[in-house]
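# Analysis of the macromolecular model
The lines below spell out each chain.
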Amino acid sequence: MLFRRTDLPLEERIADLISRMTLEEKVSQMIYDSAAIPHLGIEEYNWWNECLHGVARAGVATVFPQAIGMAASFNAPLLQKVAEVTATEARAKHHEAARRGDRGIYKGLTFWTPNVNIFRDPRWGRGQETYGEDPHLTAELGIAFVRGLQGDDPKYLKTAACAKHYAVHSGPESLRHSFDARCSQKDLYETYLPAFRALVVDADVESVMGAYNRTNGEPCCASPTLLQKILREDWGFEGHVVSDCGAIYDIHAHHKVTNSPEESAALAVKNGCDLNCGRVYPALREAVAQGLISEEEIDQALARLLRTKFKLGLFDPEEEVPFANVPYEVVACPEHRSLAREMARQSMVLLKNENNLLPLGTDLKTVAVIGPNADARKVLLGNYFGTSTQLATALDGIRRKLEPDCKVLFAEGCDLTTTKPGYWGDSPKSGFAEALAVAERADAVIMCMGISPDLEGEEGAAANSDGGGDRIGLDLPGMQEELIKEVAALGKPLVLVLFSGSPLTVNWAHEHVPAIIQAWYPGEEGGNALADIIFGDYNPAGRLPITFVKSVDQLPPFTDYAMAGRTYRFSEEKPLYPFGYGLSYTTFAYSNLQAPPELAIGQDLVVQVDVENTGQRTGDEVVQLYIKHLSASVPTPRHSLQGFARIPLEPGEKRTVTFRLSPRQLAVFDEDGRCLVEPGVVEIFVGGSQPDPRSQELTGEKPLSIRVKLEGSTVELPR
């Protein structure tokens, strides 16, 4: 059979294989659990696999910090390394399972990762899966993750990555199967699409997943605008499109755009959705009989799916596929665990450090560790996770760091959510006395609070969410704040550690607790990484990838997809903690900011700055570049991140950091969504934070700035 010949051109092999299939066999390959075709020697294949932060749901794997935590590292090369390791473990696990006849769910090589939706509202339960609220940060980290997953072999993909959920998708979870996310063309092209475009155009992502919702009236998984016009025609996407799970059923059952499974399946395939995660595409056989779709259109979709399988080497001899002999022993090996620890250390954000309380000395005699998240394993994981061989909780990490020289006392204090007496009258404050007892006996107190994946996540997955996966409020739930207040009243040195996948409105704590760390859902090595930071073995440098508002009152309605009033780019409200913010145990100074005073439209803009570690400790600095348009013909964001670099510096060391900005990064978007580079003046800000007043208030530092005049005629760039 010609399709088995690896010396033939790929398209010839695909055409030969399709020619040998019946219509029923073709359709059987377009469902996520595609069937075996014995007479062709084709094994069954399940397309559904996940790897947001390590191989998920398929048994043992290294568990890295949740995506939002990795985003806080502002370190694209490190994310790429995490993705490379994930793909290595994926290959080892896939081939070991296949050799034993297991080709079931979560055993394949097609990973529905990364999630590059914009975290536009902090109430969204799945925001933890994203890289935050900024399009540029999301795009750069997404590109890195895709490249790590897919590898750089000239013939074969290491694994196939997927950009999801396309497009304009970020809650509410309870409405996702029927909701119409309406947005302007300006918001679409300025905020919601750039990361998807970057993954397609710059990273050559193999797959795109359509979202559940409608966007401006069209179901995303059958949208001629999104799938045909933008994705394939404008961006030149040549990979395959998969539906979100159950999304094709939604087209007739909930969106009411079609009247039957046959109509939904035909509409989706004709508009470019090749693979159904769900059970609707078997109706394609009847759809052909009814004249709703032709077999040639089915062949076109099938060809895209088969192309991915060929590129993964699934039809080729193992000895010809460079990744087929990855030894199983690499799974969860010590080197990968070490990377998980480093990623966790780089992800954590120091939000407050009054009078340099941190790092704590290791000469303490007694430390109290208090809180419902101190010894909780779930808060290490987030959602979409694998099975770790060893989870290090905060309590584990602190004990490992201090004992036997220091006594570590522990009290849970309260649970995450309870505010009312139980059935038998047990008080929600019943653990307070124990917490206060251990705190009173300690030289320092570490309180591990926040939320958990039970309170935020996907529809149906967050068991105790008050918003169908989302959160209605952003305050610490239960009796946590009251417990913090009572412990704080003892006057002990107090460190508050927050575990969450999204912002928390900890206004009281910010005013009264001297040290606060945002730990996210930090993965299997989270507790060890946290202890490294608290006791000074590692200098934190994480930055917030999302704004921490002071109150939900600062937010527009959740269902409003207009960007006005949202994220640091468009909100006029003063936040609790701004996007891009994070402290260090050392200090940095910026100098010698250079950029040309004039630049011809169409040229790259090169910006340089010197950064020096002026403190006493080695540390990383996250250098951030923002652009503000001073004379645009259309409304623009207050300022936008367009460059970042995380650099290590020894005390006294100075480095020159160079940014090269493309014309697209200097562009504005008009009301029609056109991408325009206009003549006028842009202001460039470079520093360790945003140029907003709140960042300056919290850090005591002001970014450097310089103005550049763009000269020439307006140029419209491809969207």
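Here we summarise the structure given alongside this text.

Conventions used here
- Residues numbered from 1 in each chain as written.
- Predicted model: local features only at pLDDT ≥ 70, side-chain atom pairs only at ≥ 80, totals over all residues.
- Heavy atoms only, no water.
- Helix = DSSP H or I, 4+ residues; strand = E, 2+ residues; numbered from the N terminus.
- Rg over C-alpha atoms; globule rule 2.2 N^0.38 Å.
- Buried < 20%, exposed > 50% of the residue type's maximum accessible area, 1.4 Å probe, protein only.
- Areas by Shrake-Rupley, 256 points an atom, 1.4 Å probe, with all protein chains shown as cover.
- Pairing = 2+ DSSP bridges.
- Axes fitted to C-alpha atoms, helices over the stretch in contact; angles between N-to-C directions.
- Salt bridge = Lys/Arg side-chain N within 4 Å of Asp/Glu carboxyl O.
- Contact = heavy atoms within 4.5 Å.
- Disulfide = S-S within 2.5 Å.
- Expected span 1.5 Å × (residues − 1).
- Polar contact = N/O pair within 3.5 Å; in protein donor to acceptor, adjacent residues only side chain to side chain.
- Parallel < 35°, antiparallel > 145°, perpendicular 65-115°, else oblique.
- Left-handed = near helix turned anticlockwise from the far one by under 90°.
- Nonpolar A, V, L, I, M, F, W, Y, C, P; charged D, E, K, R; others polar.
- Patch = residues over 30% accessible without salt bridge, like charges linked within 9 Å, V, L, I, M, F, W, Y side chains within 5 Å.
- Lys, Arg positive; Asp, Glu negative; His and termini not counted.
- Charge placed at Lys NZ, Arg CZ, Asp CG, Glu CD.
- Phe/Tyr/Trp six-rings, centres within 6.5 Å; stacked < 30°, edge-to-face > 60°.

## Topic: the overall build of the chain
Helices and strands together make up the secondary structure of the chain, namely 21 helices and 25 strands. In terms of C-alpha radius of gyration, the chain reaches 26 Å, essentially the compact-globule figure of 27 Å for 719 residues. Expressed along its principal axes, the backbone C-alpha trace of the chain runs to roughly 75 × 70 × 50 Å. By residue count, 65% of the 719 residues in the chain fall in the buried class. Accessible surface, the chain as shown: approximately 25,100 Å² in total, 48% of it carbon and sulfur.

## Regarding the sheet that holds strand β15 (residues 588-594)
If you walk across this open sheet you meet the three strands as β15-β17-β20, and the pairing is antiparallel. The sheet is open, and its two edges are formed by β15 and β20 (654-661), each paired on a single side. Shown here is a sheet whose adjacent strand axes are inclined to one another by a mean of 25 degrees, direction ignored.

## Points about the pattern of salt bridges
Pairing of side chains with opposite charge becomes possible as their charged atoms draw close. By the definition in use, this model includes 49 salt bridges. Across the pair lysine 485 and glutamate 481 runs a salt bridge, and its minimum N-O distance is 3.6 Å. Residue lysine 485 and its partner glutamate 481 are both found in helix α17 (residues 480-488); the two are separated by four residues, about one turn of the helix. Given the relative accessible area of 36%, lysine 485 is considered partly exposed. Each of Arg337, Arg341, Glu342, Arg345, Lys401, Glu524, Glu525, Asp532 and Asp537 takes part in a single network of salt bridges with overlapping partners.

## Considering the sheet that holds strand β25 (residues 715-717)
Consider a sheet: its strands pair through backbone hydrogen bonds, and that pairing is either parallel or antiparallel. Here we have three strands laid out as an open sheet, ordered β21-β22-β25, and antiparallel in their pairing. Both edges of this open sheet fall to β21 (668-669) and β25, since each of them pairs with a single strand only. Where strand β22 (residues 675-677) lies against β25, three bridges are found, and the strand directions are antiparallel. Its bridge partner lying in β25, cysteine 675 is registered against leucine 717.

## Notes on the side chain of arginine 126
When you line up the elements, arginine 126 lands in the loop between α4 (76-99) and α5 (135-150). For arginine 126, the residues in contact, after removing those within four places along its chain, are Asn115, Lys164, His165, Glu173, Arg176, Asp244, Tyr384, Gly457 and Glu458.

## Some details on the state of the cysteines
One pass over the full model with this rule turns up one disulfide. Here cysteine 245 is linked by a disulfide to cysteine 277, with a sulfur-sulfur distance of 2.1 Å. Residues cysteine 245 and cysteine 277 are joined through a disulfide that is right-handed, its torsion about the S-S bond being 90 degrees. Highlighted residues: cysteine 245 in the loop between β8 (240-243) and α9 (247-253) and cysteine 277 in the loop between α10 (261-270) and α11 (284-289), separated in sequence by 32 residues. Judged on exposure class, the residue cysteine 245 and its partner cysteine 277 are both buried. Free of any disulfide, cysteine 221 has its nearest cysteine sulfur in cysteine 273, 4.9 Å distant. Taking relative accessible area as the criterion, cysteine 221 reaches 2% and is therefore assigned buried.

## Details of unusual backbone geometry
Cis rather than trans, the peptide bond between tyrosine 166 and alanine 167 has omega equal to 5 degrees. Counting through the fold element by element, alanine 167 comes out in the loop between β3 (162-166) and β4 (180-181). With an omega dihedral of -5 degrees, the bond running from glycine 171 to proline 172 counts as a cis peptide bond. Relative to the helices and strands, proline 172 is located in the loop between β3 and β4. The backbone of asparagine 355 shows a phi angle near 55 degrees, a positive value even though the residue is not glycine. Position of asparagine 355 among the secondary structure elements: in the loop between β9 (349-353) and β10 (366-370). Unlike most non-glycine residues, asparagine 592 shows phi in positive territory, near 60 degrees. Mapped onto the elements of the fold, asparagine 592 is located in strand β15.

## Observations concerning α4
Helix length check: α4, at 24 residues, gives a terminal C-alpha distance of 35 Å against a target of 34 Å (1.5 Å per residue), a fit within 8%. Extensive coverage of α4 is indicated by the burial of 18 of its 24 residues. Backbone nitrogen of leucine 78 and a side-chain oxygen of the N-cap are separated by 3.1 Å at the start of α4; the cap is asparagine 75.

## Considerations on the packing of α5 against helix α7 (residues 194-201)
Contact pair α5 / α7: the axes reach a minimum separation of 8 Å and the direction vectors enclose 30 degrees. Considering their axes alone, α5 and α7 lie roughly parallel with respect to each other. Seen along the crossing, α5 lies across α7 with a hand that is right-handed. Residue-level inspection shows Pro135, Thr138, Ala139, Gly142, Ile143 and Val146 of α5 in contact with α7, the latter providing Pro194, Ala195, Ala198 and Leu199. Within the contact of α5 with α7, the residues separate by chemical class into eight nonpolar, two polar and no charged.

## Overview of a negative patch on the surface
Among the surface-exposed residues, Asp375, Glu412, Asp415 and Glu434 lie close enough to one another that they form a single negatively charged patch. By secondary structure assignment, the location of aspartate 375 is in the loop between β10 and α14 (378-381). The class for aspartate 375 is partly exposed, based on a relative accessible area of 39%.

## A few points about the side chain of threonine 130
Checked against the element boundaries, threonine 130 lands in the loop between α4 and α5. We classify threonine 130 as buried; its relative accessible area is 0%. Residue contacts for threonine 130: discarding those within four places in its chain leaves Ala67, Ile68, Asn115, Asn117, Phe119 and Trp124.

## A few points about the packing of aromatic side chains
Taken as a whole, this structure holds 19 aromatic pairs when the rule is applied. Aromatic pair phenylalanine 3 and phenylalanine 315: ring centres 6.1 Å apart, planes at 85 degrees, arrangement edge-to-face. Of this pair, phenylalanine 3 sits in the segment before α1 (10-19) while phenylalanine 315 sits in the loop between α12 (295-311) and α13 (334-347), and the two are 312 residues apart along the sequence. Note on accessibility: phenylalanine 3 and phenylalanine 315 belong to one class, buried. Both rings, one in phenylalanine 548 and one in tyrosine 577, keep their centres 6.1 Å apart while their planes meet at 65 degrees; by these two values the pair is edge-to-face. Of the two residues, phenylalanine 548 sits in the loop between α19 (526-534) and α20 (567-570) while tyrosine 577 sits in the loop between α20 and β15, which places them 29 residues apart along the sequence. Grouping residues by exposure puts phenylalanine 548 and tyrosine 577 together as buried. An aromatic cluster of three or more residues is present, and its members are Phe74, Tyr568, Phe579, Tyr626 and Phe644.

Function cannot be read off these values alone, since they describe shape.
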